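# Commentary on secondary and tertiary structure
One-letter residues, chain by chain:
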Amino acid sequence: MSGAGGDWTRAFRESARPACAVIEATRRMIALMDKLGEAQRRRVEIAETPKDTVWQEGKVTLSRYRADPAVPERRLGPLLIVHGLVGRQSMTDLEPRRSLVRRLLAAGVDTYVLDWGNPTRADRYCDMTDYADHQLGDALEVALETSDRSRAALLGICQGGVFAAAHAALYPERLAALALAVTPIDCHADAATVPGRGQLNLWLRSLPEDLVDRLIDDSGMVPGALAAAVFNGLTPGRTAAKYTADLMEIAGDPDALDTFLRMEKWLSDRPDQPGALAREWLVGLYRENRLARGRLALDGRPVRLENISCPVLNIYARDDHIVPPPCSKALKEHLQNVTYRELEVPTGHIGAFVSPKGLDLVAPAMTELLAQAA
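Our subject in this report is the structure included herewith. If you're wondering where the values come from, they're calculated on a predicted model, not measured in any experiment.

The strand order β1-β2-β6-β3-β7-β8-β13-β14 describes an open sheet built from eight strands, whose pairing is mixed. Whereas interior strands pair on both sides, the edge strands pair on one side only; in this sheet they are β1 (51–57) and β14 (340–345). Direction aside, neighbouring strands of the sheet carry axes that sit 20° apart on average. Strand direction decides the pairing type here: strand β7 (residues 152–157) and strand β8 (residues 175–181), joined by six bridges, are parallel. Bridging from a neighbouring strand, L154 pairs with L178 of β8. Taken strand by strand, helix α14 (residues 356–373) contacts β3 (76–82), β6 (109–115), β7, β8, β13 (312–317) and β14, and its axis lies near 170° from that of β14.

See below:
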């Protein structure tokens, strides 16, 4: 009887496993909803490092971060961080534990950041000349005046890296150093080898011009929500897991959940792109590869990367599926007689600036570049 009873008990346990799994999943989902409710009540915030607006033109603002109280002397810089319009500037200051800005301030870097704001229909004709030449140039002049320096350093990230590289090529006398991060310099470089290809690059290179025109809505803008949908569609499995299994996994870890929510807050804040800029970006850079081919011009002036004359730090992400490493590393081929360093970060596109392993590499490399340029 005991043998038969033991077999029955084991069989019952086996049959109950699916129900137990459902009960456990339900319990964890309830706990997750409670945690999300708590987070909503206390309003998880991002980009909280204190800063002061020192210049504004229309929707564009330049802010100077306040010095770290523990390191009041701004001995390095000024450094101007230039993001693109695809995502907001708050990415480099996600939270105190994951903030490139705070690490730079702790190293005594006089740090500024450009915020392009939220373009509207009134900005639909703004193009790369407006952003990379005129507005970046005006902001750079203000940073030099307020810091009482003759030259500055730029850190350009992704689309902002193209702006920074173009400005450095047109105005080499203004810069003491240039750092680019996950920046598409040669948008066709990944086509040489299949393993290095980027799905986004393949899609963008194949876009017909008339389709690009249709992406621009009646307001003359490319909606930020469209860009968000494209990025989510690049890794549908990863996106689905993030909002299900992964989220439930961190439900019991308040710090991890807060980081997740801050990241989602940044990801959901996608400004609309002016139609003129979007067309230059999609057709001029991705389809026609004008920057790498020396055919990009701002305000009628050709952008020649070989004119960059300051030390350059080129940061790329090893697992980047948005800007594959070959597209960033191609910069080296265009530079002449400058100190050049590449830094590989073992992360994806955004992880270079929000993950501890990315920050542990990027922040010291930036500080070293600025110290050499001082």
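What follows concerns the environment of L155. Within the secondary structure layout, L155 lies in strand β7. Looking at L155, the relative accessible area reads 0%, which means it is buried. As a C-alpha pair, L155 and M366 span 211 residues in sequence and 8.7 Å in three-dimensional space.

The biggest cluster of nonpolar side chains holds 103 residues, and the ones touching the most others in it are L80, M128 and F163. The element contributing the most residues to this core is helix α3 (residues 128–147), with nine residues. Discounting chain neighbours no more than four positions away, the residues touching M128 are D133, V162, F163, L277, E280, W281, L285, L296 and L298. With six residues, the next largest nonpolar core counts V44, L247, L257 and L261 among its residues.

Moving on, we get to the pattern of salt bridges. Per the stated rule, a full pass over the model turns up 19 salt bridges. Salt bridges sharing partners connect three or more residues here, namely E95, R97, R98 and R262.

On to the packing of α3 against helix α4 (residues 159–170). The N-to-C vectors of α3 and α4 enclose an angle of 70°; their axes lie 9 Å apart at closest approach. Taken together, the axes of α3 and α4 lie roughly perpendicular to each other. When α3 is examined against α4, the residues M128, Y131, A132, D133, L136, G137 and L140 are found in contact with a partner set consisting of V162, F163, A164, H167 and L170. Residue classes in the contact of α3 with α4 are distributed as nine nonpolar, two polar and one charged.

When you tally the buried positions in β3, you get seven out of seven residues, the bulk of the element. In terms of strand pairing, β3 meets β6 through four bridges, oriented parallel. For L76, the partnering residue across the bridge sits in β6 and is V109. One ladder, built from four bridges, connects β3 with β7; its direction is parallel. Bridge assignment links L79 to a residue of β7, and that residue is A153.

Quick look at the environment of A278 now. On the secondary structure map, A278 appears in helix α11 (residues 275–287). A278 gets classed as buried once you look at its relative accessible area, which sits at 6%. Along the chain, A278 and D213 lie 65 residues apart, while their C-alpha atoms are 9.5 Å from each other. The contact partners of A278, leaving out residues within four places of it in the chain, are V222 and Q273.

What follows covers the pairing of β13. The element β13 is extensively covered by neighbouring structure, given that six of its six residues are classed as buried. Alternating positions in β13 separate into two faces, V312, N314 and Y316 on one and L313, I315 and A317 on the other, with burial throughout. Looking at chain direction, β8 and β13 are connected through four bridges and run parallel. Residue A181 lies in a different strand from β13, and its bridge partner there is I315. Where β13 lies against β14, six bridges are found, and the strand directions are parallel. Bridge pairing links A317 to V345 in β14.

All right, on to helix α7 (residues 224–234) then. Considered for burial, the residues of α7 that qualify are G224, A228, F231 and L234. Burial along α7 is one-sided: seen end-on, the buried residues are contained in an arc of 120°. Those residues of α7 that are buried lie in contact with α5 (199–205), β9 (221–222) and α8 (236–242).

Under the 1.5 Å per step criterion, the end-to-end length of α3 is 27 Å for 20 residues, consistent within 8% with the ideal 28 Å. Of all the bends in α3, the largest measures some 35° and sits at L136. With 14 of its 20 residues buried, α3 lies for the most part within the structure. One side-chain oxygen of the residue at the start of α3 lies 3.1 Å from the amide nitrogen of T129, identifying that residue as D127. Backbone geometry just downstream of α3 places D148 in the positive-phi region, at approximately 60°.

Once that is clear, we can look at the packing of aromatic side chains. The geometry of an aromatic ring pair is captured by the separation of the ring centres together with the interplanar angle, meaning the angle of the planes. This model, assessed by the stated rule, comprises four aromatic pairs. Aromatic pair W116 and F163: ring centres 5.9 Å apart, planes at 85°, arrangement edge-to-face. With W116 in the loop between β6 and α3 and F163 in helix α4, this residue pair connects regions lying 47 residues apart in the sequence. With respect to burial, W116 and F163 carry one shared label: buried. An aromatic cluster is defined as three or more aromatic residues linked by ring pairs; in this entry it consists of W116, Y131 and F163. Cation over ring: R174 sits above Y171, and NZ or CZ is 4.0 Å from the ring centre. Seen from the ring of Y171, R301 lies directly overhead, with NZ or CZ sitting 5.1 Å from the centre.

Quick notes on the rules
- Residues numbered from 1 in each chain as written.
- Predicted model: local features only at pLDDT ≥ 70, side-chain atom pairs only at ≥ 80, totals over all residues.
- Heavy atoms only, no water.
- Pairing = 2+ DSSP bridges.
- Helix = DSSP H or I, 4+ residues; strand = E, 2+ residues; numbered from the N terminus.
- Axes fitted to C-alpha atoms, helices over the stretch in contact; angles between N-to-C directions.
- Contact = heavy atoms within 4.5 Å.
- Buried < 20%, exposed > 50% of the residue type's maximum accessible area, 1.4 Å probe, protein only.
- Core = buried A, V, L, I, M, F, W, Y, C linked by side-chain atoms within 4.5 Å.
- Salt bridge = Lys/Arg side-chain N within 4 Å of Asp/Glu carboxyl O.
- Parallel < 35°, antiparallel > 145°, perpendicular 65-115°, else oblique.
- Nonpolar A, V, L, I, M, F, W, Y, C, P; charged D, E, K, R; others polar.
- Arc of directions from axis to C-beta.
- Expected span 1.5 Å × (residues − 1).
- Bend = angle between axes of the 7 residues up to and from the residue.
- Polar contact = N/O pair within 3.5 Å; in protein donor to acceptor, adjacent residues only side chain to side chain.
- Phe/Tyr/Trp six-rings, centres within 6.5 Å; stacked < 30°, edge-to-face > 60°.
- Lys NZ or Arg CZ within 6 Å of the ring centre and 35° of its normal.

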